[in-house]
Amino acid sequence: MDTSNPAVFVNGALLRMYVGRRVRTVIQVIQSDSGGVTGKSTDDHQLVVKGSQPTIPLTNFVEVIGIADSDRSIRAEMWTNFGNTFDTNNYNQLCQLANGEYKHLFI
Amino acid sequence: MAKTVTPDAISILLSNPSPDSSSNLPEIVVQVLDLKLTGNRYMFNASDGKLTVRGILPSNLSSEVISGNIQNKGLIRILDYTVNDIPTKSEKYLIVTKCEVVAPALEMEIKSEVKSEEVGIILKPKQENEMKSEVKREGAGILVKPKQEIVTKSAAQIVHEQRGNMAPSARLAMTRRVHPLVSLNPYQGNWTIKVSVTSKGNMRTYKNARGEGCVFNVELTDEDGTQIQATMFNEAARKFYDRFQLGKVYYISRGTLRVANKQFKTVQNDYEMNLNENSEVEEASNEETFIPETKFNFVQIDELGRYVNGSDLVDVIGVLQSVSPTMSIRRKSNNEMVPKRDITVADETKRTVVVSLWNDLATNLGQELLDVVDQSPVVAIKSLKVGDFQGISLSAVGRSTVLINPDIPESKKLKAWFDSEGKGTSMAPVGSGLSPSTKTGVRSMYSDRVTLSHITSDPSMGEEKPVYFSIRGFISLIKPDQTMWYRACKTCNKKVTDGMGSGYWCEGCQKNDDECSLRYIMVVRVSDESGEAWISVFNNEAEKMIGCSADELDKLKSQMEENSYQMKLKEVTWVPYLFRVSVTQHEYNNEKRQRITARDVAPVDFAAESKLLLEELTKKASQ
């Protein structure tokens, strides 16, 4: 496993803390067009994900890994389909724990 | 000079074990008794008529014995000596480096009469060596009465009796190094502990193949709060039973440790202690005593499920909600009437549980609780048995202790929670909706969740009634060469036997059938993060996991390519599952073995599991 460039688990609120850094998050796809993919973060923020999308169609929930551009956009390098059902609550809590008291367990 | 022993000569010797050779020694004359050659030196018992001590004449003095100067029953004046300890026993021995003969063999052994008060020996009825006191001493002389029945004791015994319960400050220059209980182990024997007796059991008599005996045990707690159980048998039990008193503090050394027998364990310690007649138990002086804090290990009310019908005793803390009046219950075993009172407590898990108090706790303490119930006090209870009445119930036992509004952090936290939100919220009884035999998998897969090690670490679990848990794990192995199924009646699923002629006979249906079905019955190895265990699995559950019926698997087995059968079994492994299991005891070759049986199996719902884990995390964080 390549740990040279770790991505931080973020939701909408945490994204602003890591602008310029490599992040990962799961969004619910709202809309997809030439400008990028608009999605809803697990804490109900609206985020825009740019970058070359994969050839296969996106499912309802997608994980993106890339560089945080601003407090509401990400330049994605990697897209992974997470299917059509996803527990956003669990993921949101994960982001909070991974950046809070269990930060030391995550790179 | 009278040819006689110096009174209290032995005491003088013992009190000055390493005298300066230049200092003027007092006159010390002793009688030599039991003189005999041991190896290349002579050993004897030095006696002053009252006490004796083992003595050694170094080899340079052997000639004195051989020549007949030093004789048995003779008197010698000790001019230079050393007193040493015998390492493994609590005895001392005297090395006589220089002496002169005072008298040859006397007619008999000198024994003095003793008035008990003068000598100050404390007589206790349970003392091993009984001393019959006689009339007072007459003058400075010594009466020799052959018919005397006084037992001469070794100096060590007298000193020990005199010292018995006295403060250790009387000990000469021996600074006592006290070891914390947590540091004790079976491989290091040189320790002294300072402990309070927090529980004392009754003396019990027993009879086994080796004979009869008596035994009792005590629970010891040191200043750190660590606890250990100490057991004494026979001689040691008689010796220490009266000495150990509840609430008093003792210095103890020369006990032995061994790994605790989980079946009988009552305190949290990997080890248990044994004291024998050579162990030392000394009461601590008033300045040195301490009161151990009651050490609690609270279980939240909604976590009690995993302890139901188990042998572990739990501690709980909660806000008092209600107190029942005293009831009188007839005890089944002896038809006695026993007072009982039920109280209800609630905690931050928003669950309530009923605790049954008995005897004194019901009458006296119960009344105290009734008087303050309106103030919603915090109640902490130690050592409760967990039962399954109405789902989950708690019951006090002999050793249970109840504290009202204890001064501990958990109590303050609970009060704060109650005052801010608990007061208003509706609480549910913890047992509601829980039935041990619930087959509907969903709810029960998330209740009483434990790890495999929780089950395997208690071999006596499920001894009285089966205990139920839920588990999340992987099947790590299904042995391909085990008998995996039995022939079953197509109608009633019971095992069939070979019928008359061809076909199969079902005893239950009382009929013969040409065909039977195969039904799974197997043991599989399940692993989780804590360990592994072998679990019995029957048809329904096995079919769910293997993915085909036993009949179909049998067909695969008999196929030419062996592989498909092995592959099918392998594919079952390392898939996570939720299991509902029962734990019971089962005799096999006269041995009691734990048996874990799968009652239900379900695939893991990852979202629900994650939620469960997140709940556990937040619970841990707030503890």
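For the structure itself, look to the data block above.
Definitions and cut-offs
- Residues numbered from 1 in each chain as written.
- Chains lettered and ligands numbered in written order.
- Predicted model: local features only at pLDDT ≥ 70, side-chain atom pairs only at ≥ 80, totals over all residues.
- Heavy atoms only, no water.
- Axes fitted to C-alpha atoms, helices over the stretch in contact; angles between N-to-C directions.
- Helix = DSSP H or I, 4+ residues; strand = E, 2+ residues; numbered from the N terminus.
- Left-handed = near helix turned anticlockwise from the far one by under 90°.
- Contact = heavy atoms within 4.5 Å.
- Nonpolar A, V, L, I, M, F, W, Y, C, P; charged D, E, K, R; others polar.
- Phe/Tyr/Trp six-rings, centres within 6.5 Å; stacked < 30°, edge-to-face > 60°.
- Buried < 20%, exposed > 50% of the residue type's maximum accessible area, 1.4 Å probe, protein only.
- Buried area = accessible area lost by both parts, 1.4 Å probe.
- Salt bridge = Lys/Arg side-chain N within 4 Å of Asp/Glu carboxyl O.
- Polar contact = N/O pair within 3.5 Å; in protein donor to acceptor, adjacent residues only side chain to side chain.
- Pairing = 2+ DSSP bridges.
- Arc of directions from axis to C-beta.

## Overview of the packing of helix α2 (residues 88-99) of chain A against helix α13 (residues 606-622) of chain B
The geometry of a pair of packed helices is captured by two quantities: the angle between their axes and the separation between those axes.
Here is step 1 of the chain: Contact geometry for α2 of chain A and α13 of chain B: axes closest at 10 Å, N-to-C directions at 35 degrees. In this structure, α2 of chain A crosses over α13 of chain B, and the sense of that crossing is left-handed. Facing N90, Q93 and L97 of chain A of α2 of chain A, the residues of α13 of chain B in contact are A607, S610, K611, L614 and L617 of chain B.
Here is step 2 of the chain: Grouping the amino acids of the contact of α2 of chain A with α13 of chain B by side-chain chemistry returns four nonpolar, three polar and one charged.

## Some thoughts on the packing of aromatic side chains
All names here are of chain A.
Here is step 1 of the chain: In this structure the tally under the stated criterion is 13 aromatic pairs over all chains.
Here is step 2 of the chain: Pairing F9 with F106 gives two aromatic rings, centres 5.9 Å apart and planes at 80 degrees, and the pair type is edge-to-face. Of the two residues, F9 sits in strand β1 (residues 8-9) while F106 sits in the segment after α2, which places them 97 residues apart along the sequence.
Here is step 3 of the chain: Residue classification places F9 among the buried positions, given a relative accessible area of 18%.
Here is step 4 of the chain: A relative accessible area of 32% places F106 in the partly exposed class.
Here is step 5 of the chain: Here F82 and F86 contribute two aromatic rings whose centre-to-centre distance is 5.8 Å and whose plane-to-plane angle is 50 degrees, an arrangement assigned as tilted.

## Regarding the interface of chain B and chain A
Many descriptions give the size of an interface as the accessible area lost when the pieces come together.
Here is step 1 of the chain: Each partner contributes to the interface: chain B provides six residues, whereas chain A provides six residues.
Here is step 2 of the chain: For the chain B and chain A pair, buried surface summed over both sides reaches about 530 Å², with 60% attributable to carbon and sulfur atoms.
Here is step 3 of the chain: Across the contact surface, chain B and chain A share one salt bridge.
Here is step 4 of the chain: In this structure, K611 of chain B and D87 of chain A form a salt bridge, with 3.5 Å as the shortest nitrogen-oxygen distance.
Here is step 5 of the chain: Put simply, chain B and chain A have one residue pair in polar contact (both at pLDDT 80 or more) between them.
Here is step 6 of the chain: Each residue belonging to the side of chain B that touches chain A can be placed in one class, and the counts come to four nonpolar, one polar and one charged.

## A short note on the pairing of strand β30 (residues 591-603) of chain B
Residue and element names in this part refer to chain B.
Here is step 1 of the chain: Here two bridges tie strand β28 (residues 531-538) to β30, and the two strands are oriented parallel to one another. In the strand pairing of β30, S536 is matched with T597.
Here is step 2 of the chain: With twelve bridges joining them, strand β29 (residues 576-588) and β30 adopt antiparallel strand pairing. Paired with E587 across the bridge in β30 is K592.
Here is step 3 of the chain: Linking β29 back to β30 in an antiparallel pair, the connection comprises two residues, with N589 at a positive phi of about 55 degrees.

## Some words on helix α7 (residues 409-422) of chain B
All names here are of chain B.
Here is step 1 of the chain: Of the residues making up α7, those classed as buried are S411, L414, W417, F418 and G422. End-on view of α7: buried residues confined to an arc of 125 degrees, all on one side of the axis. Of the exposed residues in α7, the ones pointing more than 90 degrees away from its buried face are P409, K412 and S420.
Here is step 2 of the chain: On the buried face of α7, the contacting elements are β15 (314-323) and β19 (378-387).

## Side note on the sheet that holds strand β25 (residues 504-506) of chain B
Here is step 1 of the chain: Spatially, β24-β25-β26 (chain B) is the arrangement adopted by the three strands of the open sheet, whose pairing is antiparallel. Bordering the open sheet on either side are β24 (497-498) and β26 (511-513) of chain B, each of which pairs with just one other strand.

Everything listed is a geometric property; what it means functionally is a separate question.
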